[in-house]
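For reference, the chains in residue letters:
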Amino acid sequence: KAGVTQTPRYLIKTRGQQVTLSCSPISGHRSVSWYQQTPGQGLQFLFEYFSETQRNKGNFPGRFSGRQFSNSRSEMNVSTLELGDSALYLCASSSDETQYFGPGTRLLVL
Amino acid sequence: QKEVEQNSGPLSVPEGAIASLNCTYSDRGSQSFFWYRQYSGKSPELIMSIYSNGDKEDGRFTAQLNKASQYVSLLIRDSQPSDSATYLCAVNIRNYGGSQGNLIFGKGTKLSVKP
C-alpha cells in the first residue's frame, strides 16, 4: 500500500499571505489528522477529519482551517500567515487509533 | 491540561547497550499508547503500540505500560548507531461522543548511540 503523501514538501511564504497544504491518506483510511511541529512546542494537534467532517480540533486560532473530500483527501489552510507559523506540518491517516504520518510540508514564513 | 512528559535528553548509550526511554501522562482515562521514532528532518515513524498493562515485545523493542502509575516506557536492546533519533511518546486522548480522539505527544527524547 502506498503511504501518506503530502504536497508540497517545501514552501516559502511572506507574512500576511495564505497557504493551502494537501494530504492524501493511505488507501482505505477515512481519518486524517493534522499536526504542527516546531522545535519549541513539539508536535501539536491541529484537527482531525473523518468522513468529510471535522471530528476534533486542537487549540489553534481560526486562521487554521481544514477540510476533507469524499475521497478522504484533506487540505489545510492557514490565512494571514505569521512568522510563528513557520513549522513542519504533518498529516497522519488512520483506520483505527494507530496513526501513520506523511513526510510533512516544511513551511517557512518570511 | 492533558499532558505527556518525557525527558528531553540527550540520552547517550554505547553500541550494544540497552536504551531506556520513559514517558508519563496525565489523563488517567487514556487507553492507547504509542512510540514513534523521528530521524532528523524526517516525519515520525510508528515503532510500537500498547494498550494493556505489561510488556509488549517486537524484535529489539519492548514497550512497557503501567496504567496505575500512568507510565509508559520503551526499551531498545542491543542499541545500534542507526537507532540514534528522537523518540516520541504519544497518548490517545479520548473525547466525548466515542470518537477516536487525538494523539497528545511528548516533546521527545533524543537518543544517541555511540559506536
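Cut-offs used in this document
- Residues numbered from 1 in each chain as written.
- Chains lettered and ligands numbered in written order.
- Predicted model: local features only at pLDDT ≥ 70, side-chain atom pairs only at ≥ 80, totals over all residues.
- Heavy atoms only, no water.
- Helix = DSSP H or I, 4+ residues; strand = E, 2+ residues; numbered from the N terminus.
- Rg over C-alpha atoms; globule rule 2.2 N^0.38 Å.
- Buried < 20%, exposed > 50% of the residue type's maximum accessible area, 1.4 Å probe, protein only.
- Contact = heavy atoms within 4.5 Å.
- Lys, Arg positive; Asp, Glu negative; His and termini not counted.
- Charge placed at Lys NZ, Arg CZ, Asp CG, Glu CD.
- Areas by Shrake-Rupley, 256 points an atom, 1.4 Å probe, with all protein chains shown as cover.
- Pairing = 2+ DSSP bridges.
- Axes fitted to C-alpha atoms, helices over the stretch in contact; angles between N-to-C directions.
- Salt bridge = Lys/Arg side-chain N within 4 Å of Asp/Glu carboxyl O.
- Disulfide = S-S within 2.5 Å.
- Buried area = accessible area lost by both parts, 1.4 Å probe.
- Polar contact = N/O pair within 3.5 Å; in protein donor to acceptor, adjacent residues only side chain to side chain.
- Nonpolar A, V, L, I, M, F, W, Y, C, P; charged D, E, K, R; others polar.

### Quick look at the overall build of chain B
Piece 1. Of regular secondary structure, chain B possesses 0 helices and 11 strands.
Piece 2. Overall, chain B shows an N-to-C arrangement of helices and strands of β-β-β-β-β-β-β-β-β-β-β.
Piece 3. In terms of overall size, chain B behaves like a compact globule, its C-alpha atoms giving a radius of gyration of 14 Å where 115 residues would be expected to give roughly 13 Å.
Piece 4. The principal-axis extent of the C-alpha atoms belonging to chain B is close to 50 × 30 × 20 Å.
Piece 5. Taken over 115 residues, chain B has a buried fraction of 46%.
Piece 6. Considering only residue pairs separated by 6 or more positions, chain B has 54% of its internal contacts joining residues 24 or more positions apart.
Piece 7. The averaged location of the 10 negative side-chain charges in chain B is 5 Å from the averaged location of its 12 positive side-chain charges.

### Quick look at the overall build of chain A
Piece 1. Scanning chain A from terminus to terminus reveals 0 helices and 11 strands.
Piece 2. Projected onto the principal axes, the alpha-carbon positions of chain A cover approximately 35 × 25 × 25 Å.
Piece 3. Counting across all 110 residues of chain A, residues that qualify as buried make up 51%.
Piece 4. Approximately 5,100 Å² of chain A is accessible, and the part contributed by carbon and sulfur atoms is 49%.
Piece 5. Between the mean site of the 11 positive side-chain charges and the mean site of the 7 negative ones, chain A shows a separation of 6 Å.

### A word on the pairing of strand E3 (residues 19–24) of chain A
All names here are of chain A.
Piece 1. When strand E1 (residues 5–7) meets E3, the two strands line up antiparallel, connected through 3 bridges. Bridge pairing links Gln6 to Cys23 in E3.
Piece 2. In the sheet, E3 pairs with strand E8 (residues 74–78) via 5 bridges, with the strands oriented antiparallel. Paired with Cys23 across the strands is Ser74, a residue of E8.

### Thoughts on the sheet that holds strand E1 (residues 4–6) of chain B
Residue and element names in this part refer to chain B.
Piece 1. Within the open sheet, the 5 strands sit side by side as E1-E3-E8-E7-E6. Their pairing is antiparallel. The open sheet has two free edges, formed respectively by E1 and strand E6 (54–58), since each of these has just one partner strand. Between one strand and the next, the sheet's axes are offset by a mean angle of 20 degrees, whatever the strand orientation.
Piece 2. Relative to strand E3 (residues 19–25), E1 is paired through 3 bridges, and the arrangement is antiparallel. Paired with Glu5 across the bridge in E3 is Thr24.

### Remarks on the sheet that holds strand E7 (residues 64–68) of chain A
Residues and elements named next belong to chain A.
Piece 1. Spatial ordering of the open sheet is given by E1-E3-E8-E7, a layout of 4 strands whose pairing is antiparallel. The open sheet has two edge strands, E1 and E7, and neither has a second partner. Each adjacent strand pair in this sheet contributes to an overall mean axis angle of 20 degrees, direction not counted.

### Thoughts on the pattern of salt bridges
All names here are of chain A.
Piece 1. Under the definition given, this model contains 8 salt bridges over all chains.
Piece 2. Across the salt bridge formed by Arg73 and Glu75, the nearest N and O atoms sit 3.3 Å from each other.
Piece 3. When its relative accessible area of 16% is taken as the criterion, Glu75 is described as buried.
Piece 4. Overlapping salt bridges bring together Arg63, Glu82 and Asp85 as one network.

### Here's the deal with the state of the cysteines
All names here are of chain A.
Piece 1. According to the stated counting rule, one finds 2 disulfides over all chains in the structure shown.
Piece 2. Note that Cys23 is cross-linked by a disulfide to Cys91, the S-S spacing being 1.7 Å. Because the sign of the S-S torsion sets the handedness, a value of about -45 degrees for the bond joining Cys23 and Cys91 places this disulfide among the left-handed ones. Linking Cys23 in strand E3 with Cys91 in strand E9 (residues 87–94), this pair joins segments that are 68 residues apart in sequence.
Piece 3. Cys91 gets classed as buried once you look at its relative accessible area, which sits at 0%.

### Quick look at the interface of chain A and chain B
Piece 1. Each partner contributes residues to the interface: chain A has 23 residues there, and chain B has 21 residues.
Piece 2. Of all residues in chain A, A:Leu43, A:Glu97 and A:Phe101 give up the largest surface area on contact with chain B, accounting jointly for 34% of the area buried on that side.
Piece 3. Counting across the interface, chain A meets chain B through 0 salt bridges.
Piece 4. One can count 6 residue pairs in polar contact (both at pLDDT 80 or more) joining chain A with chain B.
Piece 5. Counting residues per element, the ones that place at least two in the side of chain A that touches chain B are strand E4 (31–38), strand E5 (42–50), strand E6 (53–57), E9 and strand E10 (100–101) of chain A.
Piece 6. Of the residues that constitute the side of chain A that touches chain B, the class distribution is 8 nonpolar, 10 polar and 5 charged.

Worth remembering: the numbers are spatial, not functional.
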